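This is what each chain is made of:
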Amino acid sequence: MIKIDQTIGANDRISLRYGYWERSEVQNQTGIPGIGANGEYPHGERVNTFSPEWIHTVTPTLVTDFKASVIVRGNVLNSGPLGYDLSQLGLSSSFISSLGTFGHSLPQTSPSEFTSIGNTGGEFTVGDSLAMRPSVTYARGKHTIHAGLDWRILQWSWRNIRGGTGFNVDRTWTQANYQSGDNTSGNSIASLLLGTASSGSVQINPLAFYSQHYYAPFIQDDWKVFPKLTLNLGFRYDVNGAVVERHNRVDYEFNTSVTNPVSSQVSSTALNGPLMGGLEFVGVNGNPRAFNSLVRTNLQPRLGFSYSPFEKTVIHGGFGVFFLNPNPGPNQYGFSATTQYNASNDGGKTPTQNLGVGGVGPNPYPKTGNQRQHQPSVSCCVCSVRPGAWGQPGCLQ
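Residues numbered from 1 in each chain as written. Predicted model: local features only at pLDDT ≥ 70, side-chain atom pairs only at ≥ 80, totals over all residues. Heavy atoms only, no water.

### Quick word on the environment of Arg296
Structurally, Arg296 is set in the loop between strand 14 (276-281) and strand 15 (298-310). Taking the C-alpha atoms as reference, Arg296 lies 6.4 Å from Val239; in sequence the two are 57 residues apart. (Helix = DSSP H or I, 4+ residues; strand = E, 2+ residues; numbered from the N terminus.)

### Concerning the nonpolar core
The tendency in soluble globular proteins is for nonpolar side chains to be buried as a group. Formed by 16 residues in total, the largest nonpolar core has its most connected members in Leu86 and Leu89. Put simply, the parts of the chain that give this core at least two residues each are helix 1 (93-98) and strand 8 (165-169). Listed in part, the nine residues of the second largest apolar core include Ala208, Tyr210, Val250 and Phe291. (Core = buried A, V, L, I, M, F, W, Y, C linked by side-chain atoms within 4.5 Å. Buried < 20%, exposed > 50% of the residue type's maximum accessible area, 1.4 Å probe, protein only.)

### Side note on the environment of Val262
Mapped onto the fold, Val262 is located in the loop between strand 13 (251-259) and strand 14. In this structure Val262 comes out as buried when scored by relative accessible area, which is 18%.

### Remarks on the pattern of salt bridges
In total, this model carries eleven salt bridges according to the counting rule given. In this structure, the salt-bridge partner of Arg23 is Glu45, at a minimum N-O distance of 2.8 Å. Of this pair, Arg23 sits in strand 2 (residues 12-28) while Glu45 is found in strand 3 (residues 39-59), placing the two residues 22 residues apart along the sequence. Residue Glu53 is joined to Lys67 by a salt bridge in which the shortest nitrogen-to-oxygen separation is 3.3 Å. Separated by 14 residues along the polypeptide, Glu53 in strand 3 and Lys67 in strand 4 (residues 62-78) bring together distant segments of the chain. A relative accessible area of 22% means that Glu53 is categorised as partly exposed. A single network of salt bridges, built from pairs that share partners, joins Arg23, Glu25, Glu45 and Arg73. (Salt bridge = Lys/Arg side-chain N within 4 Å of Asp/Glu carboxyl O.)

### So, the sheet that holds strand 5 (residues 108-111)
If you walk across this open sheet you meet the four strands as 5-8-9-17, and the pairing is mixed. The sheet is open, and its two edges are formed by strand 5 and strand 17 (337-340), each paired on a single side. Ignoring strand direction, the axes of neighbouring strands in this sheet form an average angle of 15°. As defined by bridge partners, strand 8 adjoins strand 9 (residues 199-204) across four bridges and the pair is classed as antiparallel. Residue pairing across strands places Gly166 opposite Ser201, the latter belonging to strand 9. (Pairing = 2+ DSSP bridges. Axes fitted to C-alpha atoms, helices over the stretch in contact; angles between N-to-C directions.)

### So, the packing of aromatic side chains
In total, this model carries four aromatic pairs according to the counting rule given. On the basis of an interplanar angle of 90° and a centroid distance of 5.4 Å, the ring pair of Phe167 and Tyr341 is categorised as edge-to-face. A residue pair is termed long-range when its members are at least 10 positions apart, and Phe167 in strand 8 and Tyr341 in the loop between strand 17 and strand 18 (394-396) qualify at 174 residues. By relative accessible area, Phe167 is classed as buried at 3%. Judged by relative accessible area, which is 8%, Tyr341 ranks as buried. (Phe/Tyr/Trp six-rings, centres within 6.5 Å; stacked < 30°, edge-to-face > 60°.)

### Let's talk about a nonpolar patch on the surface
Together, Ile2, Ile4, Leu16, Tyr18, Tyr20, Phe50, Val70 and Val72 give the surface a local cluster of nonpolar side chains, amounting to about 710 Å² of exposed area. Secondary structure elements with two or more residues in the nonpolar patch: strand 1 (2-8), strand 2 and strand 4. Ranked by residue count, the leading element in the nonpolar patch is strand 2, at three residues. For Val70, the location among the structural elements is in strand 4. Looking at Val70, the relative accessible area reads 34%, which means it is partly exposed. (Patch = residues over 30% accessible without salt bridge, like charges linked within 9 Å, V, L, I, M, F, W, Y side chains within 5 Å. Areas by Shrake-Rupley, 256 points an atom, 1.4 Å probe, with all protein chains shown as cover.)

Structural data, given as structure tokens:
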């Protein structure tokens, strides 16, 4: 960290501060050497901060202060070593490219009763913030008034393949009878050597870029009522702007009044008409870009006192209402996908392929797709959250 302080004349003082922090960690969490390791390869973070400040004395009783800070943070996590060719497992080049950097990692493969090999993907995260806090302090008689604005512009983005590509291997494909298992035949390692997985999945999450604005004007009056008693009377108003995603890749709400896209595929006498209900998204069909409404009721009064009953004794007390500034995580079900591994087409009699054995086989992950307008959603129950009902947690202190 470097800080420079400079006094300019009798009324101005400026300071500049720059900070840099970096860490990198490599850790094997399974003990498996080489390409099959799982852990942090590496887990690195880098933070740059820049903070200027200008204090100007207008009169002996009036002082202005402008503070600002810029923070840029990057985080990278690879859960395993890179360098593996996924095309050896029969995966298409288009699918591998969709994984980005994580398309060069050995998938996590979990033989039953044995330690897993391979890794679970990783993530890239970038976060930027700009904070500005202009304020003014004015002293008159028994009152010292301090007022200002806390203004923050927040941005963050990530590429997340947590879970990555994974396979589960058990004794199913090497037991004596494929229709019934027993404890005396079959071995998961034998199934692994044959390239016959019993299940698996791959999860791909979209590249997201979120932004949020935060405004909080405040004022406080330090009132010296008596030589032994000072009251601190303050008020703060938080305007916690709604989170938006640059490309509108965020779910909005479950709409019960639209026809579900899979309605034509559902036949049931219990249905009185088409199957209703579908997931909608922000920024389309008249929906706002923000997935939650702006909260306008974050009023925060503050009250404090300092009382000196004796020469060397001071009693302090205070009361205040505070609201947290959370970053509610939008869902992206309509833009992410989890595809299940297709192990067999005939009830477990014949494997769809032998992964990595005898050349490249067919793609074990069938293609899936999403509908942008309304996302299909059919289940035994539906849980829906109204975007306008979201609020901020508060506390008294």
